[in-house]
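# Understanding the architecture of this molecule
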Amino acid sequence: MAEDRGVDLGRELSTAVVMFHEAVGQHLGVSAGDQRALALIRGGPLSAGALAKEIGLTPGAVTGMIDRLEAAGLVRREVDPNDRRRILVGSTDSGISAHSGLFDELAAAMRRMATRYTPAEQAVIDDYVVRTVAILRGQTERLTERKQSGKR
């Protein structure tokens, strides 16, 4: 059935993405989760609390994550210029270049692959991906709420 094929492909895609991020994390000397946090931090400095909320971890877990990223030379702690009591986490130059370098080849390969499709086909693919991301975010939120309420 077509629905089953979509589920199977979704599972394969999810596994491939997770494995890619595991490989990137290993290359950087951190976990896959740590390197995903690095991707968020690359967008601009974040407080530990904001990072925790964005990736769905406790502040304590994020502190350990920041420690690992800092030890790897990928991020640095800096004083918030707007509130000197608050610490922000920002990318180092080496963190930005290391992370970018690993994704440049992927981006080029994805651009080459996209040229195989007509603009109409690309619109359908875009719609599918946007809807898939929304479903995944909704399911992530549902599971997080279930876990926090003590349900399995």
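A brief look at the structure comes next. (Residues numbered from 1 in each chain as written. Predicted model: local features only at pLDDT ≥ 70, side-chain atom pairs only at ≥ 80, totals over all residues. Heavy atoms only, no water.)

On to the overall build of the protein. The secondary structure content of the protein amounts to 6 helices and 3 strands. Going from N to C terminus, the protein has its helices and strands arranged as α-α-β-α-α-β-β-α-α. Each principal axis of the C-alpha distribution contributes one length, and for the protein these read about 55 × 40 × 30 Å. Restricting to contacts in the protein with at least 6 residues of sequence separation, those with at least 24 account for 45%. Entry remark: accessible area of the protein is about 10,800 Å², with carbon and sulfur atoms responsible for 58%. (Helix = DSSP H or I, 4+ residues; strand = E, 2+ residues; numbered from the N terminus. Contact = heavy atoms within 4.5 Å. Areas by Shrake-Rupley, 256 points an atom, 1.4 Å probe, with all protein chains shown as cover.)

Now for the packing of helix α3 (residues 48-55) against helix α4 (residues 59-71). Following both chains from N to C, one finds α3 and α4 inclined at 105°, their axes separated by 9 Å at the closest point. With respect to α4, the element α3 is oriented roughly perpendicular. Note on element contacts: α4 touches α3 through Pro59, Val62, Met65 and Ile66, opposite Ala48, Leu51, Ala52 and Ile55. Its residues assigned to classes, the contact of α3 with α4 comprises 8 nonpolar, no polar and no charged. (Axes fitted to C-alpha atoms, helices over the stretch in contact; angles between N-to-C directions. Parallel < 35°, antiparallel > 145°, perpendicular 65-115°, else oblique. Nonpolar A, V, L, I, M, F, W, Y, C, P; charged D, E, K, R; others polar.)

Right, let's talk about the pairing of strand β3 (residues 83-91) for a bit. For strand β1 (residues 46-47) and β3, the ladder comprises 2 bridges, and the chain directions are antiparallel. The residue of β3 that forms the bridge with Leu46 is Val89. From the end of strand β2 (residues 75-80) to the start of β3, which pair antiparallel, there are 2 residues. (Pairing = 2+ DSSP bridges.)

Our focus in this paragraph is the packing of aromatic side chains. Inspection of the entire model under this criterion finds 1 aromatic pair. Ring geometry for Phe20 against Phe103: centres 5.4 Å apart, planes inclined by 80°, an arrangement best described as edge-to-face. Here the residue Phe20 occupies a position in helix α1 (residues 2-28), and Phe103 occupies one in helix α5 (residues 93-114), the gap between them amounting to 83 residues. The exposure class of Phe20 is partly exposed, given its relative accessible area of 26%. (Phe/Tyr/Trp six-rings, centres within 6.5 Å; stacked < 30°, edge-to-face > 60°. Buried < 20%, exposed > 50% of the residue type's maximum accessible area, 1.4 Å probe, protein only.)

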